[in-house]
Amino acid sequence: MTVTIRPAEKRDVPALAELIEEIERFYGTTDTGIQPLEERHTQVEEALFGSPPLASALLVEDETGDIAGLAAYSFLWPAAGSSHSLFLKELYVRDTLRRQGIGARLMDELRAIAAARHGCSRVEWMTDSDNPGARAFYKSLGFAEFDGKIVYRADSGTA
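Below: a short report on this structure. Everything quoted here is computed from the prediction, not taken from an experiment. (Residues numbered from 1 in each chain as written. Predicted model: local features only at pLDDT ≥ 70, side-chain atom pairs only at ≥ 80, totals over all residues. Heavy atoms only, no water.)

### Quick word on the packing of helix α1 (residues 13-26) against helix α2 (residues 37-49)
Move 1: Two elements in contact, α1 and α2, have axes whose closest approach is 8 Å; the angle formed by their N-to-C orientations is 115°. The two elements α1 and α2 meet at a crossing, and its hand is right-handed. Contacts between α1 and α2 pair Val13, Pro14, Leu16, Ala17, Glu18, Ile20 and Glu21 from the former with Leu37, Arg40, His41, Val44, Glu45, Leu48 and Phe49 from the latter.
Move 2: Taken together, the residues of the contact of α1 with α2 sort by class into 9 nonpolar, 1 polar and 4 charged. (Axes fitted to C-alpha atoms, helices over the stretch in contact; angles between N-to-C directions. Helix = DSSP H or I, 4+ residues; strand = E, 2+ residues; numbered from the N terminus. Left-handed = near helix turned anticlockwise from the far one by under 90°. Contact = heavy atoms within 4.5 Å. Nonpolar A, V, L, I, M, F, W, Y, C, P; charged D, E, K, R; others polar.)

### Description of the environment of Phe137
Move 1: On the secondary structure map, Phe137 appears in helix α4 (residues 132-140).
Move 2: Sequence separation of Phe137 and Arg99 is 38 residues, and the distance between their C-alpha atoms is 9.1 Å.
Move 3: Residue contacts for Phe137: discarding those within four places in its chain leaves Leu91, Gly103, Ala104 and Met107.

### Thoughts on the pattern of salt bridges
Move 1: A complete count under the given rule lists 12 salt bridges for this structure.
Move 2: For Arg94, the salt bridge is made with Glu22, and the minimal N-O distance between the two is 2.7 Å. Taken together, the positions of Arg94 in the loop between β4 (84-93) and α3 (102-116) and Glu22 in helix α1 put the pair 72 residues apart, joining distant regions of the chain.
Move 3: By relative accessible area, which is 24% here, Arg94 ends up partly exposed.
Move 4: On the basis of relative accessibility, which here comes to 24%, the residue Glu22 falls in the partly exposed class.
Move 5: Among the ionic pairs, Glu124 bridges to Arg122, the shortest N-O distance being 3.3 Å.
Move 6: Through salt bridges with shared partners, a single network forms among Glu21, Arg25, Asp31 and Arg40. (Salt bridge = Lys/Arg side-chain N within 4 Å of Asp/Glu carboxyl O. Buried < 20%, exposed > 50% of the residue type's maximum accessible area, 1.4 Å probe, protein only.)

### As for α2
Move 1: Taking 1.5 Å of rise per residue, the 13 residues of α2 would be expected to cover 18 Å, and the 18 Å separating its terminal C-alpha atoms lies within 8% of that figure.
Move 2: Along α2, the positions that sit buried rather than exposed are Arg40, Val44 and Leu48. Down the axis of α2, the buried set is contained in an arc of 40°. They therefore lie on one face. (Expected span 1.5 Å × (residues − 1). Arc of directions from axis to C-beta.)

### Focus on the sheet that holds β4
Move 1: With mixed pairing, the 5 strands of this open sheet are ordered in space as β1-β2-β3-β4-β5. The sheet is open, and its two edges are formed by β1 (4-7) and β5 (120-125), each paired on a single side. Across the sheet, the mean angle separating the axes of adjacent strands is 25° when strand polarity is ignored.
Move 2: Bridge analysis of β4 against β5 gives 5 bridges, and the strand direction is parallel. When the bridges of β5 are listed, Phe87 appears paired with Glu124.
Move 3: Taken strand by strand, α3 contacts β1, β2 (56-61), β3 (67-76), β4 and β5, and its axis lies near 160° from that of β4. (Pairing = 2+ DSSP bridges.)

Given below as structure tokens:
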């Protein structure tokens, strides 16, 4: 199947809001934990197209024009010294398109974006330690796990 990888546009917000539910279900969220569609729509629009935008996304568009995956990322500062990094928050490709090289293409695109941005020294991301599929995917691309950091997370206290 032929796919196109392109930056998200405002017209993609409804499809992205729907894809977010699919991603949440992939990670095991049940009906009671899924945000209402209208809330997801508002949050996606604010995150990607607010002033200033909080994030960026590359989309996988299948040959029918449906959004079938994404790579959501932000730039973080500082990284090494005073440089910044591209931080990949989410890489997701629909099950029907997995194992066809699309995830590898997304990673290549992200690395190209980082390389083209002055002062960006690296691309960083995380995966769950109990996600052997993702770990094997990144290993197959030649990326080694970095065990020098421990991730902490705290709720912000807002809904």
